[in-house]
Amino acid sequence: MPPIPEHIIDRIRDSVNIVDVIGRYVTLKKRGRNYVGLCPFHTEKTPSFTVNAEKQIFHCFGCGTGGNVYTFLMRHDNLSFVEAVRRLADETGIKIPVSRETRRKEGENEQLFKANQIALNFFRQRLQQSPRVQQYLQQRGITRKTIEHFKLGFAPDEWDGLLKHIRRFGYSEKPYEKVGLFTTSEKSGNLYDRFRNRLIFPIFNTSGKVVGFGGRTLSDDPQTPKYINSPESPIYHKGRVLYGLNFAAEAIREAGLVIVVEGYMDLLQLHQQGVGNVVATSGTALTEDHARLIRRYTRRVVLCYDADNAGIQAAARGGEVLFQHLLETQVLILPPGEDPDSFVKQHGGDAFRKLVTQAQDYLTFRLDLLERAHDLQQAAERSRAIQEVLDLLLPVPDSVQVNFYLEKVAERWQLPIAMLLNEFKKKHRARRQRQRYGEAPPPPPEAAPKAPAGDAPLMFSGAWGAEKDVILLLLNAHDQVREQVYDLLGEEDFRNPEFRELFRLIGALEVPDAPHLLHA
Ligand SMILES: [Zn+2]
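Definitions and cut-offs
- Residues numbered from 1 in each chain as written.
- Predicted model: local features only at pLDDT ≥ 70, side-chain atom pairs only at ≥ 80, totals over all residues.
- Heavy atoms only, no water.
- Pairing = 2+ DSSP bridges.
- Helix = DSSP H or I, 4+ residues; strand = E, 2+ residues; numbered from the N terminus.
- Axes fitted to C-alpha atoms, helices over the stretch in contact; angles between N-to-C directions.
- Buried < 20%, exposed > 50% of the residue type's maximum accessible area, 1.4 Å probe, protein only.
- Donors = N, O, S within 2.8 Å, 3.2 Å for Na, K, Ca; no water.
- Expected span 1.5 Å × (residues − 1).
- Contact = heavy atoms within 4.5 Å.
- Polar contact = N/O pair within 3.5 Å; in protein donor to acceptor, adjacent residues only side chain to side chain.
- Right-handed = clockwise from strand over helix to strand, strands pointing away.

Now for the sheet that holds strand 11 (residues 227-229). The strand order across the open sheet built from four strands is 6-9-10-11, with neighbouring strands paired in antiparallel fashion. Of all strands in the sheet, those bounded by a partner on one side alone are strand 6 (153-155) and strand 11. Averaged over all pairs of adjacent strands, the angle between strand axes in this sheet comes to 30°, irrespective of strand direction. Here strand 9 (residues 198-204) runs beside strand 10 (residues 210-217); their pairing, made up of seven bridges, is antiparallel.

A word on the pairing of strand 3 (residues 49-52). Taking every second residue as pointing to the same face, both faces of strand 3 are buried, with Phe-49 and Val-51 on one and Thr-50 and Asn-52 on the other. Where strand 2 (residues 34-37) lies against strand 3, four bridges are found, and the strand directions are antiparallel. In the strand pairing of strand 3, Tyr-35 is matched with Val-51. The antiparallel pairing of strand 3 with strand 4 (residues 57-60) creates a hairpin that spans four residues between the two strands, and Gln-56 there sits at a positive phi of about 60°.

This next bit is on the coordination of the zinc ion. Protein coordination at the zinc ion: the donors are Cys-39 (SG), His-42 (ND1), Cys-60 (SG) and Cys-63 (SG), at 2.1 to 2.3 Å from the metal. All donors of the zinc ion belong to a single chain; written as a sequence motif, their spacing is C-x2-H-x17-C-x2-C. In this pair, His-42 is assigned in the loop between strand 2 and strand 3 and Cys-63 in the loop between strand 4 and strand 5 (66-67), connecting sequence segments 21 residues apart. Given a relative accessible area of 17%, Cys-63 falls into the buried group.

This part takes up helix 15 (residues 362-373). Each α-helix turn comprises 3.6 residues. Residues three or four places apart therefore point the same way. If you check helix 15, its first and last C-alpha atoms are 17 Å apart, about what twelve residues at 1.5 Å a residue would give, namely 16 Å. In the core, the buried residues of helix 15 are packed alongside helix 13 (309-324), strand 15 (328-333), strand 16 (360-361), helix 16 (379-393) and helix 17 (399-413). Backbone nitrogen of Leu-363 and a side-chain oxygen of the N-cap are separated by 3.2 Å at the start of helix 15; the cap is Asp-361.

Counting buried residues in strand 14 (residues 300-305) gives five out of six residues, a clear majority hidden from the surface. Of the pairings in the sheet, the one linking strand 12 (residues 258-261) to strand 14 comprises three bridges and is parallel in character. Bridge pairing links Val-260 to Leu-303 in strand 14. Crossover handedness for the path strand 14 to helix 13 to strand 15: right-handed.

See below:
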């Protein structure tokens, strides 16, 4: 999207009050000059999330998140910067000039959505005309109502079923090609249908538009892949879409929990049995973007995968991403030989819901796996298992949670907590250094970053104000805030040499071994 003019961005920001905007999501109480509340970006019991009306900024002393009203909306609702600006523009009624380029791109995407919609109508019509496929669905226990609700379709067993349909109406083939409904034959260079002899599951985005399709083969040929999906396109990014989310949003909010399954059929069957708070990964690995997407609806996730090795590995990998993004992640491994589809068909929705309440928290699940993979009586194996746990916890951006987990590990494996904390701190420092300097070793202390020559005077840069605020805060704050600040910042973070020195001095004043990260 094109840049929105600076002055418009500023005008929109100035015409809203950050306290009002954040107040819609967080219960804020006035305290002194600030407003405080429970941070929406990490779990906490005592409020460390602060909103400053005067400066129109927010900051959390627990997890370090902070910024202006745009930053808040971006983080909280998983928006891009431009989307956040647009959201507030709508509210304030301030018009954002639209460039020709934007209009062109939006128009192009509309074409792609329209192509998918026309294809969907075609697939649905063909399902209605095919007793064979209807019978298949009936055998799988899928009702007519479910077929309608999820708008299932059928791609006929022809090379050019959809293609002929498009041509008959004189539509351009281009957008269909672009969303991957057609592919080009390498031999002849001709177009042909990607989905043939397949049951079609349309994939919708959260606004209910068709972004792509999943297709399950109806052929017995073992050479044919069981499932294929639309390829990535300007309107379909696999890492950002979860199948069924558009249907499940309400139920997820109501239940305060989302269940993630692997297959389309699992989801359909669960839905039919009254378990509506379900989404399916449909063969895609869970990503950071998925974690953010889920967080718009709930913080609690239960992964429900098959009991086979592939399912367990998928739960371990997918769960890790969610866990590290502060979602309360649990894992439910079904009895051997069962999948959600078969289980719920046999035992019903209530039995399944009951099973969900017995899901294991993710860390316990991982520790179980590690215990199975390593003989903890052997020193080398034990060390490897510990390193693996530490690597899992390293990216978790909430030191309170990390501390809690480390204590759990220490207790379960009967390790001295001090040793675990030490190992963790070592790894954490190394990671921070890697992030800051890449793989190269850190520069010697005397070469600590200074403002490059010719740069704007520090006084006028945002950094100067921010650094000053930190120092003022440290001088006035009570010990707990001080600890949090030293957990988050190091001397290296200061550009202004005077402030850096002050930071070091204050740190040395009362907390002799600062900066430290965790407290046993
Ligand atoms: Zn926070």
